[in-house]
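A structural walkthrough
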Amino acid sequence: MTLLRHTPTEIKDRSALSINPAKTCQPVGAMYAALGIHGCLPHSHGSQGCCAYHRSALTRHYKEPVSAATSSFTEGASVFGGQANLLQAINNIFTVYEPDVIAVHTTCLSETIGDDVPQITEKARQEGKIPDGKFVVSASTPSYVGSHVTGFSNMVMGTLKGFAAKTGKKNGKVNIIPGFVEPSDMEEIKRLAAAMGVKTILFPDTSGVLNGPLTGEYKMFPDGGTTVEELRSTGDSVGTLALGEWASADGAKYLDSTHKVPCRILDLPIGLKATDRFVDALRLISGCHVTDLVAHERGQLVDLISDMHQYFYHKKVALVGDPDQVIALTEFLTSIDMCPVHIVTGTPGKKFEARIKEITADSPFPVNVKAHGDMFLLHQWIKNDPVDLLIGNTYCKYMARDEDIPLIRHGFPILDRVGHQYFPTVGYKGGLRLLEKILDALLTRIDRDATEDQFELAM
Amino acid sequence: MTAITKKKKFVQIDPTDLVQDLLKKYPTKVARKRAKQIMVKEAEGAATPEMGANVRTIPGIITMRGCTYAGCKGVILGPTRDIVNITHGPIGCGFYSWLTRRNQTYTETDADENFMTYAFSTDMNENDIVFGGEKKLKQAIKEAYELFHPKAIAIFSTCPVGLIGDDVHAVAREMKEALGINVFGFSCEGYKGVSQSAGHHIANNQIFKHVVGTKDEIKVGEFKINLLGEYNIGGDGFEIDRILDKCGITVISTFSGNSTYDQFATSHAADLNTVMCHRSINYVAEMMETKYGIPWIKVNFIGAEATAKSLRKIAQYFDSPKLTERVEAVIAEEMPTVKLAVDMVRPRTEGKTAMLFVGGSRAHHYQELFKELGMRTISAGYEFAHRDDYEGRHVIPEIKIDADSRNIEELEVEPCAESYNPRKTPEEIKKLEESGFKFKEYEGMIPDMPTKSLVIDDLNQYEAEKLIEIMKPDIFCAGIKEKYSVQKLGIPLKQLHNYDIGGPYAGFKGAVNFYQDIDRMVNSKVWSYLKAPWQEKPELSATYVWE
């Protein structure tokens, strides 16, 4: 039986109804970014449901504890403003949980009533509710603007605004804003830079926070995360690499304009070409050479592409996810001779469609692309023009089942599989893993459908 | 294999000291407030202490609770398959309530409607917030109707909708008129009330007002009941249906697991209302009794013994030898498998301890299953219950109405002119009551708990961690938010809101599933791997001769 049985093939314009969204709201992105600060407790300024939903969503995806507090608005606070709730919350949080930093993000509720979080924070400081050596940073993240990616970007900005300082003495480091990627990806980006001898400040850094060990000890503030000291030092770095226009560019531009730390905005380093550009940018900005180890890993990726390419040529793919992720994936798929034909992101932004068109310009097939689209539309496109592979988050499994298409889970959220928090998809190593997953999906399908005479052991 | 059964490690600790320990880190005001929500169960026979419940969560204290929208859309209407549920608001709320509770549903064919796999939202943007979202909502309803032609469309208000003053009920009335299908709205903004509980109330009120009793094509059956407060998490409802069907009891409607619009619409035809989750739905049972004359009883299908007891209670109500015989035959047929399973597992679970902090009935119901495993519940509490769920329904008249409960509509219900029909005469009721049968009675969780156990309302993360450190339970039951922080401490956590990957746990087959899952969780080898050998014995020998 088909589970999305009501999705018709005929596509009609919808101006008001969103069905099966390919995005969610700003605060969850802000909460994720804040978890990448060492010793930080994210705080949701609104009613407690938002915080519960965001913690649940992140926990389900990362399979790790996600602590966050809330202002617990009731009707009174919604009418009279949330200042009293936030002041009380700040006091309680520092007393009970003792974080180094509280990162406050707003919700549609506190935004609509117009609470001024920086002003309330200042009041908390004056009233002595913020102990010495402790910090409160904030970001405005109304849920009715942008998406979870916007929220991530805004919290990166808010944190840098709160901490970045310039002493005039260069620290010899490169800032890297890795974008809304897995903890495993952040770890891989650090490893790659270290393999070239480049000193970096990675922010946010959820590695070790959302892929921590099981030891019998629970740390509300795990050992990972970018430290306050590092965050301050971002103003003294030699430059910033922002990975992904949507999630990372604003923070990098802020450091550039305010502290004269030059920045470059790159794609997420997913696949051969984007990783090449990242490695080259690291080389140029730091003056370090690309080491043999990194060149070796690159060669392995090229080798695997050559071993596999016969299976990829002109296979059609449908893709849905966050803009930075989807752009990088589209380029990678195109570079291995696959053909992304239906591409959707839920996050608004006109540049997305132009960029995808540019990457897929020489595709032999027509390409559908939509920013601020939804999975209902993607499904309709697939019904009209079937594909060989689908890449997207967990919710794609319904489409995959109904249309009988192999699915690779990628992006946020992945609720029904484990491992993504440990295995990167960025860098050359990440490319190897993605290729393995793609080929596995395609061959599993071939094996499943093979008749007895065609069921073969060798490639 | 007994080697993997860890030795008993229940620490004897005076719970009163423990309470002081829990409170000492809080600022004074917070400690004073929390103290009212933490109780030690006194000896049998002692009066149940007044429990602080259904009060506001303290800002900044990390709570397990969600919001009114989550209770209304996520819990109550989420499991209904053929209503198009449109969340009116920015995208987040609609997204998060999309298929995350493991509500299952079953249709005979592809021709049957099932919208549960879809998430519908008006995805409000800045413009809508500034200029109002009613126009967009109307258009969204129109688009949904043109695409799907559903029987009914429901609208759920999120926080900003309430603030900007969109009148979802007026929109619903207008669209109902225009489209000729039932369209109704819920004012379930997240900030209303203090927890999900307000959302259950709002949801049930509107279903009662707009759907119940609107259809008269009644399912045929001799013993007709409604199952209230069962959400078919992990297939619980399927197992309960299987058992009831086997007994010859007809379920007219389940509120709201595996349910349909028509089930709600014809639910007034049942002859008995059975209430599973007292917290989420006692209102509906009360209103249906007043309006249609259907009596209600509390049942519990969690636990094999509890299931048998509930079946007998239903049979006793209908007072039919045929039904009683059938029920006894079913119990006799099902129990041996259950007994076999529990006998296999019990040597490995006997004497172990559990803590349960979930929902507004589950923390009580699941204690039955642990009892069957020979496990002791040393601490429990509810996430969003009211005093009556702790202390019993007799305290309802004493519960003070505060600002946070006053904003939830109370329906004025009167006997229905056409359909009111008392199912039992006063004499019959009296006779049943004299034989010990209890109508509209729920005695609450506390009287059922062991002496000296600790009852905590709206548990928070700090207290959970402390409890575990001090009392070292063998298993902790809560939700996804709590799961991994508890497991980092080396204590397995069973989710009782959506059962992790497990279930069903209701009924007889469910009990067997539960025994096996708990055995796996408390006896898995993984919990013995937390320390590496070099951490267990860190000392170095000065010289070491390899042999």
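What you see is a predicted model; the values in this text were computed from it and never measured.

So, the overall build of chain A
When you go through chain A residue by residue, the secondary structure sums to 17 helices and 14 strands. In terms of overall dimensions, chain A is globule-like: its C-alpha atoms have a radius of gyration of 23 Å, near the 23 Å expected for 459 residues. Each principal axis of the C-alpha distribution contributes one length, and for chain A these read about 80 × 55 × 45 Å. A separation of at least 24 residues holds for 76% of the contacts in chain A among residues at least 6 apart in sequence. Accessible area of chain A: about 16,600 Å², with a carbon and sulfur share of 51%. Separation of charge centres in chain A, based on 45 positive and 53 negative side chains, amounts to 4 Å.

A few points about the pattern of salt bridges
The full count for this structure, using the stated rule, is 63 salt bridges over all chains. The partner of Arg 5 of chain A in a salt bridge is Asp 110 of chain B, and the shortest N-O contact between them spans 3.5 Å. Taken together, the residues span two chains, with Arg 5 of chain A in the segment before strand S1 (18-19) and Asp 110 of chain B in the loop between helix H4 (91-96) and strand S3 (120-121). We classify Asp 110 of chain B as partly exposed; its relative accessible area is 36%. A salt bridge links Glu 463 of chain B to Arg 34 of chain B; the shortest N-O distance between them is 2.7 Å. Of this pair, Glu 463 of chain B sits in helix H19 (residues 461-471) while Arg 34 of chain B sits in helix H2 (residues 28-35); the two residues are 429 residues apart in sequence, bridging distant segments of the chain. Each member of the pair, Glu 463 of chain B as well as Arg 34 of chain B, carries the same accessibility label: buried. One network of salt bridges, with partners in common, ties together Asp 267, Arg 277, Glu 331, Arg 355 and Glu 358 of chain A.

Focus on the sheet that holds strand S4 (residues 152-157) of chain B
Read across the sheet, five strands follow the order S1(A)-S3(B)-S2(B)-S4(B)-S5(B) without closing on themselves; strand pairing throughout is mixed. Among the strands making up the open sheet, the edge pair consists of S1 of chain A together with strand S5 (182-186) of chain B. Inspection of the sheet shows S4 of chain B paired to S5 of chain B by five bridges, in the parallel sense. Its bridge partner lying in S5 of chain B, Ala 154 of chain B is registered against Phe 184 of chain B.

Re the layout of surface pockets
Residues and elements named next belong to chain B. By volume, the second largest pocket is sized at about 1,200 Å³. If you trace the second largest pocket, you find 41 residues lining it, with Asn 54, His 386, Ile 399, Lys 400 and Ser 405 closest to the centre. Listed by contribution, the elements that provide at least two residues to the lining of the second largest pocket are H2, helix H9 (196-210), helix H12 (278-292), helix H16 (387-391) and helix H17 (403-406). Take the lining of the second largest pocket: its biggest share by element is six residues, from H12. Split into classes, the residues belonging to the lining of the second largest pocket amount to 13 nonpolar, twelve polar and 16 charged.

Quick word on the packing of helix H10 (residues 236-247) of chain B against helix H14 (residues 321-349) of chain B
Residues and elements named next belong to chain B. It is the contact of H10 with H14, at a shortest axis distance of 8 Å, that shows an interaxial angle of 130°. Taken as axis vectors, H10 and H14 run oblique relative to one another. Every residue of H14 that contacts H10 at Arg 242, Ile 243, Asp 245, Lys 246 and Cys 247 is listed here: Leu 323, Arg 326, Val 327, Val 330, Glu 333 and Glu 334. A class-by-class count of the residues in the contact of H10 with H14 yields five nonpolar, no polar and six charged.

A few points about the sheet that holds strand S11 (residues 376-381) of chain B
All names here are of chain B. Strand order in the open sheet formed by six strands is S1-S12-S11-S10-S13-S14, with mixed pairing between adjacent strands. Looking along the sheet, the strands with just one partner apiece sit at the ends: strand S1 (38-40) and strand S14 (493-495). Shown here is a sheet whose adjacent strand axes are inclined to one another by a mean of 20°, direction ignored. As judged from the two bridges shared by S11 and strand S12 (residues 454-456), these two strands associate in the parallel manner. Note on S12: the bridge partner recorded for Ala 380 is Val 455. Its contacts with the sheet place helix H20 (residues 480-488) against strand S13 (475-478) and S14, and it is angled at close to 170° to S14.

Quick look at the nonpolar core
Residues Phe 312 and Leu 390 of chain A together with Ile 141, Phe 186, Phe 370 and Tyr 515 of chain B are the most contacted members of the largest nonpolar core, which totals 265 residues. If one sorts the elements of this core by residue count, H14 of chain B sits on top with nine residues. The contact partners of Phe 312 of chain A, leaving out residues within four places of it in the chain, are Ile 336, Asp 337, Met 338, Leu 435, Ile 438, Leu 439 and Leu 442 of chain A. The next biggest cluster of nonpolar side chains, apart from the first, holds 51 residues, and it includes Tyr 218 and Met 220 of chain A together with Leu 18 and Ile 62 of chain B.

Some details on the environment of Arg 191 of chain A
Residues and elements named next belong to chain A. Relative to the helices and strands, Arg 191 is located in helix H8 (residues 183-195). Counting along the chain gives 60 residues from Arg 191 to Pro 131, while the straight-line C-alpha distance between them is 35 Å. Apart from residues no more than four positions distant in its own chain, Arg 191 is found in contact with Glu 297 and Lys 429.

Overview of the packing of helix H13 (residues 323-335) of chain A against helix H14 (residues 350-359) of chain A
Residues and elements named next belong to chain A. At a minimum axis separation of 10 Å, H13 and H14 run at an interaxial angle of 10°. By the angle between their axes, H13 is roughly parallel relative to H14. Residue-level contacts link Pro 323, Val 326, Ile 327, Thr 330, Glu 331 and Thr 334 of H13 to Phe 352, Arg 355, Ile 356 and Ile 359 of H14. Counted by class, the contact of H13 with H14 contains six nonpolar, two polar and two charged residues.

Quick notes on helix H16 (residues 396-403) of chain A
Residues and elements named next belong to chain A. By the burial criterion, the buried members of H16 are Cys 396, Met 399, Ala 400 and Asp 402. Residues of H16 that are buried make contact with strand S10 (316-320), helix H15 (375-384), strand S13 (389-392) and strand S14 (407-409). At the exit of H16 stands Asp 404, carrying a positive phi of roughly 55°.

Considerations on the interface of chain A and chain B
Between chain A and chain B, the residue contacts involve 77 residues of the former and 80 residues of the latter. Interface area for chain A against chain B, summed over the two sides, is near 7,000 Å², with a carbon-plus-sulfur share of 63%. There are four salt bridges connecting chain A and chain B. A salt bridge links Asp 123 of chain B to Lys 23 of chain A, with the shortest nitrogen-to-oxygen separation between them at 3.1 Å. Of all the elements in the fold, those that place two or more residues in the side of chain A that touches chain B are S1, strand S2 (40-45), helix H2 (48-62), strand S3 (69-70), helix H3 (75-80), helix H4 (83-96), helix H5 (108-113) and H15 of chain A.

Re empty space enclosed by the protein
All names here are of chain A. On inspection of all chains with the given rule, the structure shows twelve cavities of 30 Å³ or more. What the largest cavity holds in volume is close to 190 Å³. For the largest cavity, the lining is made up of 22 residues, of which Glu 182, His 410, Gly 411, Ile 414 and His 420 are closest to its centre. Mapped by element, the contributors of at least two residues to the lining of the largest cavity are H2, H8, S14 and helix H17 (427-449). Per-class residue counts for the lining of the largest cavity are nine nonpolar, seven polar and six charged.

Overview of the confidence of the model for chain B
Any segment with low pLDDT has predicted coordinates that should not be analysed in fine detail. All names here are of chain B. Looking at chain B as a whole, the pLDDT averages 94, with 97% of positions reaching at least 70. Here residues 1-8 scores under 50 on pLDDT; set against residues more than four positions off or in separate chains, the count is ten contacts. At the level of chain-chain contacts, confidence expressed as ipTM amounts to 0.97, with global pTM at 0.97.

Criteria and cut-off values
Residues numbered from 1 in each chain as written. Chains lettered and ligands numbered in written order. Predicted model: local features only at pLDDT ≥ 70, side-chain atom pairs only at ≥ 80, totals over all residues. Heavy atoms only, no water. Helix = DSSP H or I, 4+ residues; strand = E, 2+ residues; numbered from the N terminus. Rg over C-alpha atoms; globule rule 2.2 N^0.38 Å. Contact = heavy atoms within 4.5 Å. Areas by Shrake-Rupley, 256 points an atom, 1.4 Å probe, with all protein chains shown as cover. Lys, Arg positive; Asp, Glu negative; His and termini not counted. Charge placed at Lys NZ, Arg CZ, Asp CG, Glu CD. Salt bridge = Lys/Arg side-chain N within 4 Å of Asp/Glu carboxyl O. Buried < 20%, exposed > 50% of the residue type's maximum accessible area, 1.4 Å probe, protein only. Pairing = 2+ DSSP bridges. 1 Å grid on protein atoms, 1.4 Å probe; cavity = no way out; pocket = protein on both sides within 12 Å on 5 of 7 lines; lining within 4 Å. Points joined across faces, edges and corners; volume = space filled by probe spheres on them. Nonpolar A, V, L, I, M, F, W, Y, C, P; charged D, E, K, R; others polar. Axes fitted to C-alpha atoms, helices over the stretch in contact; angles between N-to-C directions. Parallel < 35°, antiparallel > 145°, perpendicular 65-115°, else oblique. Core = buried A, V, L, I, M, F, W, Y, C linked by side-chain atoms within 4.5 Å. Buried area = accessible area lost by both parts, 1.4 Å probe. pLDDT = per-residue confidence, 0-100.

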